Amino acid sequence: MTAPAIELKGISKSFGPVQANKDIAIRVMPGTIHGIIGENGAGKSTLMSILYGFYKADTGEIFIRGERTEIPDSQAAIRAGIGMVFQHFKLVQNFTVLENIVLGAEDGALLKGSLSKARTLLKQLSEEYELHVDPDAKIEDLGVGMQQRVEILKALYRRADILILDEPTGVLTPAEADHLFRILEGLKREGKTIILITHKLREIMETTDTVSVMRRGEMTATVKTAETTPQELAELMVGREVLLRVDKQAATPGETVLNVENLQVVDGSGVERLRGISLNVKRGEILGICGVAGNGQSELLEVLGGMRPGKGRVTVNGQELDLTGAESDARTRRRRGIAHVPEDRQEEGLIMDFFAWENVAFGYHDDARYQRGAMMNNDAIREDAEAKIAKFDVRPANCWLKAKNFSGGNQQKIVIARELERNPDLLLVGQPTRGVDIGAIEFIHEQIVALRDAGKAVLLVSVELDEILSLSDRIAVIFDGRIMGERLPSETDERELGLLMAGITDTDKDHSVDEIEENLAHATGKAG
Amino acid sequence: MDKLPKWADVALIPLINLILALIVSGLVVALIGQDPFEALAIMVNGAVGSTYGWGYTLFYATNFIFTGLAVAIAFHARLFNIGGEGQAQLGSLGVALVCLMVPWPHWLIALPVAILGGGLFGAAWAAIPAYLQATRGSHIVITTIMFNFIASALLVYLLVSALKAPGMAPESARFVEGSHLPTAREVLGAIGIDFARTPMNVSFIVALLACWGLWLLLWRTRLGYEIRAFGHSDKAAVYAGINPVRITMITMLISGALAGLMAINAVMGEQERLLQDNVLGAGFVGIAVALMGRSHPVGVFIAAVLFGALYQGGAELEFETSIPREMIVVIQALVILFTGALDGMVRSPLEKAFLRFRRQPDKPGVPAE
Amino acid sequence: MTTMKTLLGAVAASALAAGAAMAEPGLIIDLGGKFDKSFNESAYNGAQRWVEDNDGADYLETELASEAQREQTMRRMADRGANPVVVLGFANGSTLEQVAPDYPETNFVIVDMVVDQPNVQSIVFAEHQGSYLVGMMAAMASETGTVSFVGGMDVPLIRKFACGYAQGAKAANPDVEVIANMTGTTPAAWNDPVKGGELTRSQISQGSDVVFAAAGGTGVGVLQAAADEGELAIGVDSNQNYLHPGNMLTSMVKRVDNAVYDAFTAAAEGELQTGIVVKDLSNDGVGVAMDEFNEDLVTEEMMAAVEEARAAIVSGELEVHDYTSDDSCPALTF
């Protein structure tokens, strides 16, 4: 029997009172794709960071191809043949593909030799693995999928034969993701070992040979993918039975709450982000907006939420919103019955260094009930916070903890609690379950559906197609600042939505991945 | 989970920083052939060993409280106001104008107006960089430091022209008797306590009130809530309907006003006339004070007293030993360096040390990364 | 620890000072530094000479840190029992006016300024007289017919130097052109050798070949620039001839050292007189420095002219106009 490509024994790592990894053991055989799945905060990224030399394990041993190896830093990891593709690419935006690949691995002081050597190798690699990239293109002109390929090429150029990918499909369309998996298959055939970190069950089921499940810093199981089911994996991740589909009644839409006509947004650097969007959301209805990140959906939420100015005509309950003037701020929007769960709860929805109770008042801090004369009535806020924390089962139920000390799911629950409890007419919600563990996803979805059932209008933006498909009553696809079309969830599928997301409307025909890539790169300009 | 317990963050780290600074300063003193322990004894005695020492220590501390608070409130809005020096200079101009223009009958009437004058002038000086930052994105660090030079030049201009008193020195006329602020000696003397003749005066009380007022503002009012929220994340502030331009302006106006208030202590309380070099670098010391005091009014107060002691102790060292002036500046600079700039040097090993001794079982709901 | 006692408070310390008949004298070195090769250094040298001449005697000395610390420093010196307390420069005037009455048992000596308090001795120098003499020498040494002056801070005191200088130059050569520049309007101008050098070069480019610096620490830059350009320079306060032998025509010495020495000596003997003391040519308070460094540059003719003028001034036959007497100068416009 051959030695495993990677074997970890008894790896433990603590950050203060938090045990991120507890006695982890794992064996990855060469020439396989090994998935690591787990909720956010389960310790996947910590484990990989130990393997890549970013952290030092408190205890435990690492064996690479059967040999015990110390990995004190990422240079050592690279020497050991490990390559890492991060969730957030580490590329220099205004360098060419070739320069980025060579960066940090130059042969000498002069670049010329390395560059021509890299060019030859790059040609060879792209042919071998379907990794086509223009070596002289600048990174900033490439789409996200292309950039990811550059990251993979970077690792291969450094002679990696063990490749770790951290949530690689988070920013990709389904077609791009499929292409990525074909590349990974190719690499596997060449004898490379691949570790795929993800929280998407579908990807695990489709691509991996074996899968390890992590929960709360422990490795709960390692199984052959062929011998398991998504249901079983989900249970292993969460530790209890979970519902993977949202259980909801058919919608009974009422009169229109939100009506948007020809909405346009130009950002600070003069780029047109929304090029005339029209849509409407009715009472008792969830309108899902899907699209690849960076196609204007964030701007749509922001302009409706009063975070940036726009042009066009927007009415809520028949009354027009001020999109540019003195009343175009978020405060006024809240008074008009618009609640907003922002896409980025850490940067927008919460103040991470504020206590939970302070965050419960965030955005509503000038409510009369939170005031006592010239001062704020902190007692009233705390009382309110405790009630909301209890009702939304925020754990730990301690309003004196800072927001940053809650897990992603519980942070999101605080935001949801704050926004939903206002009983808004219109809820704007962006990426409601991004970085949220499965257990909390269920709960958050239930809350959103409950709000709809109470006759409120919901505008949902998400990059997770699964989420859009299962929550929405109607789906609008956004591409390059325009709505490409509306579909009913019952009458569409991921393939069709994926093509629309890439700006291709003749969805009956076949389209190559490169065509999709090119379209997207053109539309988004750059990553994100 | 915060990596350090609160007491370590607010007390232990500054203490270690201070000790490190003293050790390095001690080495410097030893290097030039003096006894570091004697030097330390002289400094400590000089700063807190007598009512004379305390008077000067607290006099300097009063300056540093004002400038420290000025930097601290700006920090809360993540604005780095390093223009305290210039704002204090303008504040001194405001205070001087108030004291010179009106024949004040009594200090109780003069003081509130002087507070207004110093505050307004300081705020006005901060307003321009604040406006440029808020609406034009000109970095406030650059603009405020530039304004320090302009303030200094402006003061020089006025002191050799319009405000110059007869005589050769570039200084204004003496303030009228009625604007004289009671010193600690006068106040305590009235109740039978013998206190040395020092410039410490009732401004110290104003400084204490300013600490309390700032605490109230930051943690008990909507404005403070908005300032802190804006400081943590400007995107989040916009999300919450907080107007960044408004908060930037208001914060900097308060910051400038606090820096300007320093003048009621230095100019009205001590010099009793406008001098060219009246801020004595307190604007910059304020940055170290705010850093060391973790931008909390109580911390600022403690740090200001410490720096006041350092200043006074340094002056004594100069009197008592043959350690040259420059060396004393070096020692003071070392303390500022260690307590202000090199905070991280102590923090991260200390965090590690704490983590090692505090391993506890996993808590539910605590994220692992 | 004897120092401890002095730390126990101002009241105790003043009492101590009052009781000490044979207190040590104190000297506060002004801004610009002890070794400014000029005003402060001259005072320091006077104090050192007094120490040497009085075996075992000692004095207290401290250096001023900043403008705003004058009062603390002055009081601190008085509290520690120094008597007399010697302060240097006109900038101390307004502070001393306030401080002196609080220490009736302590005598103060102020140089370059008159402070009208019963316990203050004010020493003023007849700088215009000395400047007149070096002005004559400058005009006689000049080949271009242009001489110049670099002042420190633009105050009447320095204009007094410049005015005396211009009068002397014009007396020696009625056609001479005198250029005068001031370094600045603030105390910083006393310690800005870079700017001093720039001004000097600018004056030389305008034709000046003799430069007189009356600028404290700034003067070092003036003298250096003149030497670099191969022109002549005239020093001030201390004898600065040794700084650039061959390029130093002379120095207008202002015997601050003597003033300090005399004050220390008089105080030690219990004979310090308060009131105004004028140091002029007649009592060698000001003068022209002659030594081995400049003997080759000074001609017989110059020596004779200077000696003649000196005698005339001392006898009252020749009166040099003092700028500070009416804030105007007949020989120079500023």
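Treat the numbers as computed from the prediction; the structure is a model and nothing was measured. (Residues numbered from 1 in each chain as written. Chains lettered and ligands numbered in written order. Predicted model: local features only at pLDDT ≥ 70, side-chain atom pairs only at ≥ 80, totals over all residues.)

## Brief notes about the overall build of chain B
Reasoning step 1: Across its full length, chain B holds 15 helices and zero strands.
Reasoning step 2: Against the compact-globule benchmark of 21 Å for 369 residues, chain B has a radius of gyration of 22 Å, which places it among compact chains.
Reasoning step 3: When the backbone C-alpha atoms are referred to their principal axes, chain B occupies close to 75 × 55 × 40 Å.
Reasoning step 4: Counted over contacts in chain B with a minimum sequence separation of 6, partners at least 24 positions apart contribute 76%. (Helix = DSSP H or I, 4+ residues; strand = E, 2+ residues; numbered from the N terminus. Rg over C-alpha atoms; globule rule 2.2 N^0.38 Å. Contact = placed C-beta atoms within 7 Å.)

## What to know about the pairing of strand S21 (residues 474–479) of chain A
All names here are of chain A.
Reasoning step 1: Among the six residues in S21, five count as buried, and that is most of the element.
Reasoning step 2: As paired elements, strand S13 (residues 285–290) and S21 share four bridges and run parallel to each other. Bridge pairing in S21 links Leu287 to Arg474.
Reasoning step 3: Judged from the five bridges that link them, S21 and strand S22 (residues 482–487) form a sheet pairing that is antiparallel. The residue bridging Ile475 from the neighbouring strand is Arg487, located in S22.
Reasoning step 4: Here S21 folds back onto S22, and the loop between the two strands holds two residues, one of which, Asp480, carries a positive phi near 50°. (Buried ≥ 20, exposed ≤ 12 C-beta atoms within 10 Å, placed from the backbone. Pairing = 2+ DSSP bridges.)

## Remarks on the UniProt feature "domain: ABC transporter" (unreviewed entry) in chain A
Reasoning step 1: Mapped onto the present numbering, the UniProt feature "domain: ABC transporter" (unreviewed entry) falls at residues 6–241 and 258–505 of chain A.
Reasoning step 2: Segment residues 258–505 of chain A splits into 33% helix and 26% strand. End C-alpha atoms: 26 Å apart. (UniProt positions renumbered as here; feature names shortened; annotations may be inferred.)

## Comments concerning the interface of chain B and chain C
Reasoning step 1: Listed as interface residues are 31 residues of chain B and, on the opposing side, 25 residues of chain C.
Reasoning step 2: Elements with a minimum of two residues in the side of chain B that touches chain C: helix H2 (36–48), helix H3 (51–76), helix H6 (140–160), helix H11 (244–271) and helix H13 (297–320) of chain B.
Reasoning step 3: Tallied by class, residues from the side of chain B that touches chain C come to 13 nonpolar, ten polar and eight charged. (Nonpolar A, V, L, I, M, F, W, Y, C, P; charged D, E, K, R; others polar.)

## Some details on the arrangement of the chains
Reasoning step 1: Most contacts, among the two pairs of chains that meet, fall between chains A and B.
Reasoning step 2: Separated throughout, chain A and chain C approach each other most closely at a C-alpha pair spaced 41 Å apart.

## Observations regarding the domain arrangement of chain A
Residue and element names in this part refer to chain A.
Reasoning step 1: According to the domain assignment, chain A contains domain 1 (6–238) and domain 2 (256–349 + 424–524).
Reasoning step 2: Computed from C-alpha atoms alone, the centre-to-centre distance between domain 1 and domain 2 is 32 Å.
Reasoning step 3: Across the boundary between the two partners, domain 1 contributes 16 residues, which contact 18 residues of domain 2.
Reasoning step 4: For the side of domain 1 that touches domain 2, the secondary-structure elements that each account for two or more residues are helix H5 (144–157), helix H6 (174–189) and helix H8 (230–238).
Reasoning step 5: The element best represented in the side of domain 1 that touches domain 2 is H6, accounting for four residues.
Reasoning step 6: For the side of domain 1 that touches domain 2, the per-class residue count stands at eight nonpolar, six polar and two charged. (Domains from an automatic or database assignment.)

## Observations regarding the packing of helix H4 (residues 84–101) of chain B against helix H12 (residues 282–292) of chain B
Residues and elements named next belong to chain B.
Reasoning step 1: At a minimum axis separation of 6 Å, H4 and H12 run at an interaxial angle of 130°. Taken together, the axes of H4 and H12 are oblique relative to one another. Handedness of the H4/H12 crossing: right-handed. Within the contact between the two elements, H4 uses Gly84, Glu85 and Ala88 and H12 uses Ala282, Gly283, Phe284 and Gly286. (Axes fitted to C-alpha atoms, helices over the stretch in contact; angles between N-to-C directions. Parallel < 35°, antiparallel > 145°, perpendicular 65-115°, else oblique. Left-handed = near helix turned anticlockwise from the far one by under 90°.)

## Remarks on unusual backbone geometry
Reasoning step 1: Cis rather than trans, the peptide bond between Arg395(A) and Pro396(A) has omega equal to -5°.
Reasoning step 2: Within the secondary structure, Pro396(A) is located in the loop between helix H13 (378–391) and helix H14 (408–420).
Reasoning step 3: For the bond running from Asn83(C) to Pro84(C), omega is 0°, close enough to zero to count as cis.
Reasoning step 4: Note on placement: Pro84(C) falls in the loop between helix H4 (70–79) and strand S3 (85–88).
Reasoning step 5: In this structure, Asn317(A) takes a positive phi of about 50° despite not being glycine.
Reasoning step 6: Its place among the elements puts Asn317(A) in the loop between strand S14 (311–316) and strand S15 (319–320).
Reasoning step 7: Judged by local crowding, Asn317(A) falls into the partly exposed class, with 15 C-beta atoms found within 10 Å.
Reasoning step 8: The backbone of Asp393(A) shows a phi angle near 55°, a positive value even though the residue is not glycine.
Reasoning step 9: As for its position among the elements, Asp393(A) is in the loop between H13 and H14.
Reasoning step 10: Residue classification places Asp393(A) among the exposed residues on the basis of 12 C-beta atoms within 10 Å.

## Examining the sheet that holds strand S2 (residues 60–63) of chain C
All names here are of chain C.
Reasoning step 1: Pairing in this open sheet of six strands is parallel, and the strands run S2-S1-S3-S4-S5-S11 from one edge to the other. Edge positions in the sheet fall to S2 and strand S11 (275–279), since each has one partner strand and no second. Taking each pair of neighbouring strands and ignoring which way they run, the sheet shows an average axis angle of 20°.
Reasoning step 2: Pairing of strand S1 (residues 26–29) with S2, which is carried by four bridges, proceeds in the parallel orientation. Note on S2: the bridge partner recorded for Ile29 is Glu63.
Reasoning step 3: Across the sheet, helix H3 (residues 39–53) is in contact with S1, S2 and S3; its angle to S1 comes to roughly 160°.

## What about the confidence of the model for chain B?
Residue and element names in this part refer to chain B.
Reasoning step 1: Mean pLDDT for chain B: 87, with 95% of residues reaching 70 or above.
Reasoning step 2: Within chain B, helix H8 (residues 203–220) carries the highest mean pLDDT (96), whereas helix H15 (residues 343–357) carries the lowest (75).
Reasoning step 3: The low-confidence segment residues 360–369, where pLDDT is below 50, has 29 contacts with residues more than four positions distant or belonging to other chains.
Reasoning step 4: Reported confidence for the predicted complex is 0.84 by ipTM and 0.80 by pTM. (pLDDT = per-residue confidence, 0-100.)

## Concerning the environment of Ile82(A)
Residue and element names in this part refer to chain A.
Reasoning step 1: Relative to the assigned elements, Ile82 resides in strand S6 (residues 82–85).
Reasoning step 2: C-beta crowding within 10 Å serves as the criterion here: with 28 such atoms nearby, Ile82 is assigned to the buried category.
Reasoning step 3: For Ile82 and Ala387, which are 305 residues apart along the polypeptide, the C-alpha to C-alpha distance reads 49 Å.
Reasoning step 4: The residues touching Ile82, leaving out its near neighbours within four places in the chain, are Leu51, Tyr52, Ala77, Ala160, Ile162 and Ile164.

## Some words on the nonpolar core
Reasoning step 1: Counting 270 residues, the largest nonpolar core has Val477(A), Ile65(B) and Leu69(B) as its most contacted members.
Reasoning step 2: With 17 residues, the top contributor of residues to this core is H3(B).
Reasoning step 3: In contact with Leu69(B), not counting residues within four places along its chain, are Ala210(B), Cys211(B), Leu214(B), Leu258(B), Pro297(B) and Val300(B).
Reasoning step 4: Counting 110 residues, the second-largest nonpolar core is a separate cluster that includes Val86(C), Leu133(C), Ala162(C) and Met182(C). (Core = buried A, V, L, I, M, F, W, Y, C linked by C-beta atoms within 7 Å.)

## Some thoughts on the sheet that holds S13(A)
Residues and elements named next belong to chain A.
Reasoning step 1: Spatially, S16-S19-S20-S13-S21-S22 is the arrangement adopted by the six strands of the open sheet, whose pairing is mixed. Two strands close off the open sheet at either side, each with one partner strand: strand S16 (338–341) and S22. Within this sheet the neighbouring strands show an average axis-to-axis angle of 20°, counted without direction.
Reasoning step 2: Relative to strand S19 (residues 426–430), S16 runs parallel, the two being bridged by four bridges. Of the residues in S19, the one forming a bridge with Val341 is Val429.

## So, the domain arrangement of chain B
Residue and element names in this part refer to chain B.
Reasoning step 1: Per the domain assignment, the segments making up chain B are domain 1 (59–316) and domain 2 (322–357).
Reasoning step 2: Relative to domain 2, the C-alpha centre of domain 1 lies at a distance of 26 Å.
Reasoning step 3: On the side of domain 2, eight residues touch domain 1, which itself brings six residues to the contact.
Reasoning step 4: Mapped by element, the contributors of at least two residues to the side of domain 1 that touches domain 2 are H12 and H13.
Reasoning step 5: The dominant element in the side of domain 1 that touches domain 2, judged by the number of residues it contributes, is H12, at four residues.

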